[in-house]
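Chains, contacts and geometry: an overview
Take a look at the letters that make up each chain.
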Amino acid sequence: MWQTIGLPRFTVLGALVALVCAILRLRRTSRTRREAGPAESADAVTATPFSSLNLLVGATAWMAVAFIGFARHQSRPPGPSTMYQDLYWHLGIAAELKRSALPTIPQAEVLGRLNYHWLSDAYMASGSLGSFTSTADVVLRLWYLPVVALTFGLCLVVGKRLSGGWVAGNVTILLTVIPASVLPFAWMGGVGPSSPFLWLSPSQIFGLVFTLAATWLFIPVLRSGRLGAGEAALLVVTVFLCAGAKSSILPVFLGGAFCVALLFIRRSPIRRGALMVGGLCLVGIAMAVPLFAGGSAGSKIRLLSSFRRLSAYRQYVGLDVPLDHGPFVMPYLATGGVLVLVAALCIALLVQYAYVASSLSLGRTWVEDPLPVFLLGGFAASIAAFLLIDHTGFSQAYFPLGALPLIALLAGWGVAAAWERGGSRHRWGRMLAGAAAGAVVIALMRLVSGSEVPAKNSLPAAVFVIACLALAAVVAAMVLRRRTPVLAVGALLGAALVQPAITTVTASVAAASSSLTDDKPWTVTAQETAAAEWLRVHSNEHDVVATNVHCRTVTAIAKCDSRAYWVSAFTERRVFIESWGYTDQAQRDAGKGGVAATNQPFADHELYMTNENLFHAPSAQAVAQLKSHGVRWLFGDSRASKVSSDLDTFAELAHRQGTVSIYRLR
């Protein structure tokens, strides 16, 4: 709002309003408790879920530890930088959103408006504006953990609304903070995604908040089929934010609503609620398309698309990492060995999420309450998208990544139901015994599978046998549930949590203790980051910069990986043509000429050459053309390509540092 009316610095007022509201709420709650009788006040205190709050704090603290290992490798100026390219991309967009509520593509300003899900970057921009902290500090350090903590808090309250108790939310936190996954193979990771927290994708983490918030709002609508005017307005805003946070959220909810409408077709209140949820999702998509529909240009429909990226499939059929989409049916699917392998991978995918079998403890809730069907149907829809949509950047993985909280909530709800029926005596012992048994079974399977990739001829059979053994173990736990539900759900949790916990802790400790190196092919030198910082300080925030930096690594232009987003990131300025690997046109051209989307040339070759000639063979005509596009600065880096000394004739040398020369156009 403040950005729209030209007063972005007033963003801090939003935090002040929230603080005042929180203080007033605390005072009102405190007064209510003082006015209550001693018994009522005691009940209110003992009902407070301190164990849940402690778990929330502990989970957030662990994520902070895990984040340290990640953050220390994402270095900021003034030293050299070896960050993952997407973080430069988000940093540039966040800086752009500090200037405009409707952003221009800062990495290729000439292409106009950014039509991608950029609300996570808007959140970072507001964090920088509202706290008067640098954009880089907020984007690369400060915004993550508050959002993670809010996600865990939402897991608690959504679990409470689903089940009426706090156990479901506690289990949901465990299943998300430890990337729950039943993994019987020691040499192969999961067939599908397992952790909803992906540090390298800010929009993925940001989208979890709105996934859970929308779920919380959908629960009463699905159960009652009623929706007031105020609730409808709030839901429309929420689903719009879902689409803007992550475009893969609403299709998942649509799948869940469809399943509810189909299975509860004879119960009009529930059917009406499902239609309301589906209709609201469609409204949210329609509203968001003009602003957030970018990024999907590289998507096609292809059967079992994600399997061809798995190492087991590629090694067996001898395929390289795919650059384009190919036919609807994967290569070699008609051969016997590939059919066995694909069937085995399907079973392994099913087993990976088999911890949701704990939801069988809900019993008749499955036929009386639409929410179990909604949660499971939504996750099933995400898996269907994962297996049918083929995106050049493997973005179909975001469908199940964003839906993992739904399946965790369902599994947690099932554990809570088993826990309540297990009685207070011995249930902790049975739960721990089951968890130990489940962990041992998976450890034995991993031992049998071996740590080395099986020989090519035996690979399909090896995967199939282990996958079937794991499935048999899950079925045994489901049968055991009828007699001792706590023991059975404990076994499912042990199978899903112990091995991932060991792997996660090991990887996080290794990342936190590993040495930092600045000799990567894509390293941005200290001189380059310092030069970009100088330009940020000495230029106007609305100035446009032209640069000869286009490739992530210094390589032949024919093999250019056009994801060098560091100039726009560290200068925090719009760049005329920097890099274009994530543009819709590049994604549509995936495979053209036998190269990937990120290696495609810039769509407007003539304009690109005008930009290049200004640095290689400058002329008054080239200067005039770029000035007509609003370019005021030239950022030339001799590491990227030759920078002509004749530039002094047409522009004023303003700064030189290392390999970088910065010119101001006269």
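Refer to the structure presented above.
Here's what I pulled together on the structure shown here. Just so it is clear, the model here is predicted, and its values are computed rather than measured.

**With respect to helix 11 (residues 249-263)**
Turn by turn, an α-helix covers 3.6 residues, leaving residues three or four places apart pointing in a common direction. Across its 15 residues, helix 11 extends 22 Å between first and last C-alpha, which sits within 8% of the 21 Å expected from 1.5 Å per residue. The complete set of buried residues in helix 11 reads Ile249, Leu250, Val252, Phe253, Gly255, Gly256, Ala257, Val260 and Ala261. Buried residues along helix 11 sit against helix 9 (202-224), helix 10 (229-245), helix 12 (268-292), helix 16 (371-388) and helix 17 (398-421).

**Things to note about the packing of helix 9 against helix 10**
Here helix 9 crosses helix 10 at 155°, and the two axes come no closer than 9 Å. Comparing their axes, helix 10 and helix 9 come out roughly antiparallel. Considering the relative orientation of helix 9 and helix 10, their crossing is left-handed. Here helix 9 contributes Ser203, Phe206, Gly207, Phe210, Thr211, Ala214, Leu217, Phe218 and Val221 to the contact with helix 10, which in turn contributes Leu234, Leu235, Thr238, Val239, Leu241, Cys242 and Ala245. Classifying every residue of the contact of helix 9 with helix 10 gives twelve nonpolar, four polar and no charged.

**So, the packing of aromatic side chains**
Scanning all chains against the criterion turns up 29 aromatic pairs. An aromatic cluster is built from Phe67, Phe70, Tyr123, Trp143, Tyr144, Trp199, Phe206 and Phe210, whose rings are joined through pairwise contacts. The lysine or arginine in question, Lys246, covers the ring of Tyr398, its NZ or CZ lying 3.6 Å from the ring centre.

**What about the nonpolar core?**
The biggest cluster of nonpolar side chains holds 160 residues, and the ones touching the most others in it are Phe218 and Phe635. Counting residues per element, this core draws most heavily on helix 17, which supplies 16 residues. Residue contacts for Phe218: discarding those within four places in its chain leaves Leu235, Val239, Phe253, Val277, Cys281 and Phe374. Judged by nonpolar contacts, the second largest core, of 20 residues, contains Val544, Ala546, Ile577 and Leu614.

**Here we look at helix 4 (residues 85-97)**
With 13 residues, helix 4 extends 19 Å from end C-alpha to end C-alpha; this agrees with the ideal 18 Å at 1.5 Å per step. Counting buried residues in helix 4 gives 13 out of 13 residues, a clear majority hidden from the surface.

**Some points on the sheet that holds strand 7 (residues 660-665)**
Read from one edge of the open sheet, five strands run 4-3-5-7-6, paired in mixed fashion. Both edges of this open sheet fall to strand 4 (574-575) and strand 6 (651-657), since each of them pairs with a single strand only. Against the sheet, helix 24 (residues 605-616) makes contact with strand 3 (544-547) and strand 5 (631-637), and its axis sits at roughly 75° relative to strand 3, the strand it touches most.

**A word on the packing of helix 3 (residues 50-71) against helix 7 (residues 144-163)**
Between helix 3 and helix 7, whose axes approach to 10 Å, the crossing angle comes to 150°. The chirality of how helix 3 crosses helix 7 is right-handed. Residues Ser52, Leu56, Ala59, Thr60, Met63, Ala64, Phe67 and Phe70 of helix 3 touch helix 7, and the partners they reach there are Tyr144, Leu145, Val148, Ala149, Phe152, Gly153 and Leu156. Of the residues in the contact of helix 3 with helix 7, the class split is twelve nonpolar, three polar and no charged.

**Let's talk about the pairing of strand 5**
With six of seven residues buried, strand 5 lies mostly within the body of the structure. Pairing geometry for strand 3 and strand 5, over four bridges, is parallel. Bridged to Thr547 within strand 5 is Phe635.

**Re the side chain of Ser361**
As for its placement among the helices and strands, Ser361 is situated in the loop between helix 14 (336-352) and helix 15 (365-368). Filtering out sequence-adjacent residues up to four positions away, Ser361 remains in contact with Gly414, Ala417, Ala418, Arg421, Arg481, Pro485 and Val489.

**As for the side chain of Arg563**
Position of Arg563 relative to the elements: it lies in the loop between strand 3 and helix 22 (566-571). For Arg563, a relative accessible area of 16% gives the class buried. Beyond its immediate chain neighbours, meaning those up to four positions away, Arg563 contacts Gln85, His550, Arg552, Ser579, Gly581, Tyr582 and Thr598.

**Quick look at the pattern of salt bridges**
Using the criterion set out here, one finds eleven salt bridges in the structure. The shortest N-O distance in the salt bridge between Glu96 and Arg574 comes to 2.8 Å. Separated by 478 residues along the polypeptide, Glu96 in helix 4 and Arg574 in strand 4 bring together distant segments of the chain. Owing to a relative accessible area of 0%, Glu96 belongs among the buried residues under this scheme. Between Glu528 and Arg639 there is a salt bridge; the shortest N-O distance is 3.0 Å. Of the two residues, Glu528 sits in helix 21 (residues 526-538) while Arg639 sits in the loop between strand 5 and helix 26 (647-650), which places them 111 residues apart along the sequence. Since its relative accessible area comes to 2%, Glu528 is described here as buried. In this structure Arg639 comes out as partly exposed when scored by relative accessible area, which is 30%. Ionic contacts of the salt-bridge type, sharing partners, join the residues Glu96, Arg99 and Arg574 into one network.

What counts, and where the lines are drawn
Residues numbered from 1 in each chain as written. Predicted model: local features only at pLDDT ≥ 70, side-chain atom pairs only at ≥ 80, totals over all residues. Heavy atoms only, no water. Helix = DSSP H or I, 4+ residues; strand = E, 2+ residues; numbered from the N terminus. Expected span 1.5 Å × (residues − 1). Buried < 20%, exposed > 50% of the residue type's maximum accessible area, 1.4 Å probe, protein only. Contact = heavy atoms within 4.5 Å. Axes fitted to C-alpha atoms, helices over the stretch in contact; angles between N-to-C directions. Parallel < 35°, antiparallel > 145°, perpendicular 65-115°, else oblique. Left-handed = near helix turned anticlockwise from the far one by under 90°. Nonpolar A, V, L, I, M, F, W, Y, C, P; charged D, E, K, R; others polar. Phe/Tyr/Trp six-rings, centres within 6.5 Å; stacked < 30°, edge-to-face > 60°. Lys NZ or Arg CZ within 6 Å of the ring centre and 35° of its normal. Core = buried A, V, L, I, M, F, W, Y, C linked by side-chain atoms within 4.5 Å. Pairing = 2+ DSSP bridges. Salt bridge = Lys/Arg side-chain N within 4 Å of Asp/Glu carboxyl O.

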